[in-house]
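# Breakdown of the fold
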Amino acid sequence: MPLQPARTKYRKTHKGSLAGDASRGNTLAFGEFGIQALDRGNLTSSQIEAARVAINRHLKRKGKMWIRVFPHKPITKKPLEVRMGQGKGPVEYYVARIHPGTILFEVAGVPLTLAREALRLADTKIPLECRFVSRDAAV
C-alpha cells in the first residue's frame, strides 16, 4: 500500500506552482544526518518508499530514520486515446511537492560513514539532486 492521505477534503486539486525555496522543513529537526533537496519537483509515494527501503536495508535495523515529506497532492491522468473535454481524469497517484532546501530523510544513532552510505543509496532512488547534511558541520 503506497503512502497516501487517509482522507482529503477534495479528491482533486489544481496543479499549483513550485516557485520559491523551502521556508519550512529546511533544517534537521530529529536526526544527526539527512539529505536535502537541491532541485524542485515532485516525489511520488513509490519513490519515497523505495528510498525508505534502501536506507533501512543498509542500516540493518540500527539507529532511527525519519521521513520528512508526505505525498499529499493527488495527480490525475486521463486514459490513453480519450477525446478532449469531459472533465478531469481520475486520481492516479499522490506526490510530495519538493522545493529546494527541503530535508527529505533524517537518520540518527549510526556512525557518519554508515549514514552517508545509506543516504547516498536513498539519493539514487530520488529523481532530484540532493546533498548530505549533518548537524555538527553546518553544511
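It should be noted that the structure appears before, not after, this text.
Residues numbered from 1 in each chain as written. Predicted model: local features only at pLDDT ≥ 70, side-chain atom pairs only at ≥ 80, totals over all residues. Heavy atoms only, no water.

### Side note on the sheet that holds strand β5 (residues 91–98)
Pairing is antiparallel across the open sheet formed by three strands, whose spatial order is β2-β5-β4. Looking at which strands have only one partner, the edges of the open sheet turn out to be β2 (41–44) and β4 (73–76). On average, adjacent strands in this sheet sit at an angle of 50° to one another, irrespective of strand direction. Across four bridges, β4 lies against β5 in antiparallel orientation. (Pairing = 2+ DSSP bridges. Helix = DSSP H or I, 4+ residues; strand = E, 2+ residues; numbered from the N terminus. Axes fitted to C-alpha atoms, helices over the stretch in contact; angles between N-to-C directions.)

### Some thoughts on unusual backbone geometry
The phi angle at E81 is positive, at roughly 55°, despite the residue not being glycine. Position of E81 among the secondary structure elements: in the loop between β4 and β5. Among the residues examined, E81 registers a relative accessible area of 83% and is labelled exposed. Phi at Q86 is positive, roughly 60°, even though this residue is not glycine. (Buried < 20%, exposed > 50% of the residue type's maximum accessible area, 1.4 Å probe, protein only.)

### Observations regarding the nonpolar core
L43, I55, L104, F105, V107 and I126 are the most contacted members of the largest nonpolar core, which has 24 residues in total. Other than its neighbours up to four places away in sequence, L43 contacts I48, V69, Y94, V95, A96, I98, L104, I126, P127 and L128. (Core = buried A, V, L, I, M, F, W, Y, C linked by side-chain atoms within 4.5 Å. Contact = heavy atoms within 4.5 Å.)

### Brief notes about the side chain of S45
Along the chain, S45 falls in helix α1 (residues 45–59). In this structure S45 touches P2, L3, P71 and Y94, once residues within four positions along its chain are discounted.

### A short note on the layout of surface pockets
Taken as a whole, the largest pocket encloses approximately 190 Å³ of empty space. T13, H14, K15, G16, L18, N42, K73, P74, I75, T76, K88 and R97 together form the lining of the largest pocket. For the lining of the largest pocket, the leading source of residues is β4, giving four residues. The class makeup of the residues in the lining of the largest pocket is three nonpolar, five polar and four charged. (1 Å grid on protein atoms, 1.4 Å probe; cavity = no way out; pocket = protein on both sides within 12 Å on 5 of 7 lines; lining within 4 Å. Points joined across faces, edges and corners; volume = space filled by probe spheres on them. Nonpolar A, V, L, I, M, F, W, Y, C, P; charged D, E, K, R; others polar.)

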